[in-house]
Amino acid sequence: MHFAFSRYGFANRHNRVIYKPEKRNIAKGGAVLPRIGLALGGGGARGAAHFGVLKVLEEERIPIDVIAGTSMGAIVGGMYAQHPDISAVIDRFENFIRNMDYESFGLKYIATDAGQEPHLLQKFAKTIAQRIYISSMGSRSGIMKPEFLDNALRELLDRGNIQDAKIPFGAVATDLNSGSALLIREGSIRRAVRRSSLIPGYLPPEEDNGRLITDGGVIEPVPVDSAKEMGAEV
């Protein structure tokens, strides 16, 4: 990735400082700035719109102190928390879409006429929405094979623990037993994001010591409360 490190934090390949771990909250005159949190919600492939939000924040030089993500928001948020360079993150996501073997994961319709859409992200979102509707009308249990999500997360997220991300990050899942939100801030980042992205009806919940864990959007579609729990003030 294209980062330059300095005493002020790190910058992306356009030399814009994105995150200042030591001086982030000090303004001119010594005033303490509020901690800025970013809550990225779910919405399936439409959650790819989060890339545009992050791009604007970079362009306006608005730093992010914490990121909380639900479902697709957890995928995008996790990618950006590991590598805060939106151009590199978008490139990685589009390369995954472009090179994926859709048919082997039960999504062969996405690959059809891919070159006719003006943008790969638009093609991906449009086709996923169509397949969700078609699947809901039939007997098929889901629009994708369970292996699809695991493969996607291996391609989109680096191996490592969630607490090692460059920007503090939390993935929000749902504990079906208690009916409460589960903010995951430790352990494998891929596993945390996977739990947050288990869309009910399309991917089965994960069992963990008697608990059933599923998509965070069931309880917290936009994880504002979780961002506050992580210390966000605005």
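Relevant structure appears above.
Each chain has its residues counted from 1, following the order in which its sequence is written. pLDDT decides what is reported in this predicted model: residues at 70 or higher carry local features, side-chain atom pairs at 80 or more are listed and counted, and totals for whole chains, interfaces and linings draw on all residues regardless. Note that water and hydrogens are dropped before the side-chain values are worked out from all heavy atoms of the structure.

Here we come to the packing of helix 1 (residues 50-59) against helix 2 (residues 72-82). In this description, a line fitted to the C-alpha atoms serves as the axis of each element, helices being fitted only across the stretch in contact, and the angle between N-to-C directions of two axes falls anywhere from 0 to 180 degrees. Labels follow the DSSP assignment, with helices taken as runs of H or I lasting at least four residues and strands as runs of E lasting at least two, numbered in each case from the N terminus. Following both chains from N to C, one finds helix 1 and helix 2 inclined at 35 degrees, their axes separated by 10 Å at the closest point. Considering how the two elements wind past one another, helix 1 and helix 2 form a crossing that is right-handed. From helix 1, H50, F51, L54 and E58 reach across to helix 2, where they touch G73, V76 and Y80. In this classification, Asp, Glu, Lys and Arg are treated as charged, Ala, Val, Leu, Ile, Met, Phe, Trp, Tyr, Cys and Pro as nonpolar, and every other residue, Gly included, as polar. Split into classes, the residues belonging to the contact of helix 1 with helix 2 amount to 4 nonpolar, 2 polar and 1 charged. Left-handed describes a crossing whose near helix is turned anticlockwise from the far helix through less than a right angle; right-handed describes the clockwise counterpart. Contact definition: two residues touch when any of their heavy atoms are within 4.5 Å.

Take the pairing of strand 6 (residues 169-175) next. The buried label applies to any residue whose accessible area, calculated with a 1.4 Å probe on protein chains only, is under 20% of its type's maximum; exposed applies above 50%, and partly exposed to all values in between. The buried count for strand 6 comes to 7 of 7 residues, which makes it a mostly enclosed element. In this scheme, strands are said to pair when DSSP sees at least two bridges between them. Direction of pairing for strand 6 relative to strand 7 (residues 180-184): antiparallel, over a ladder of 5 bridges. In the sheet register, A171 faces strand 7, and the bridge partner there is I184. Here strand 6 runs beside strand 9 (residues 211-215); their pairing, made up of 3 bridges, is antiparallel. Each residue of the ladder has a partner; that of D175, found in strand 9, is I213.

Attention shifts here to the environment of P205. Within the secondary structure, P205 is located in the loop between helix 7 (189-196) and strand 8 (206-208). Residue class for P205 comes out partly exposed when judged on its relative accessible area of 37%. Placed 10 residues apart in sequence, P205 and D215 show a C-alpha to C-alpha distance of 7.9 Å. Excluding anything up to four places from it in sequence, P205 contacts L176, L198, L212, I213 and T214.

By themselves, these figures tell us nothing about what the structure is for.
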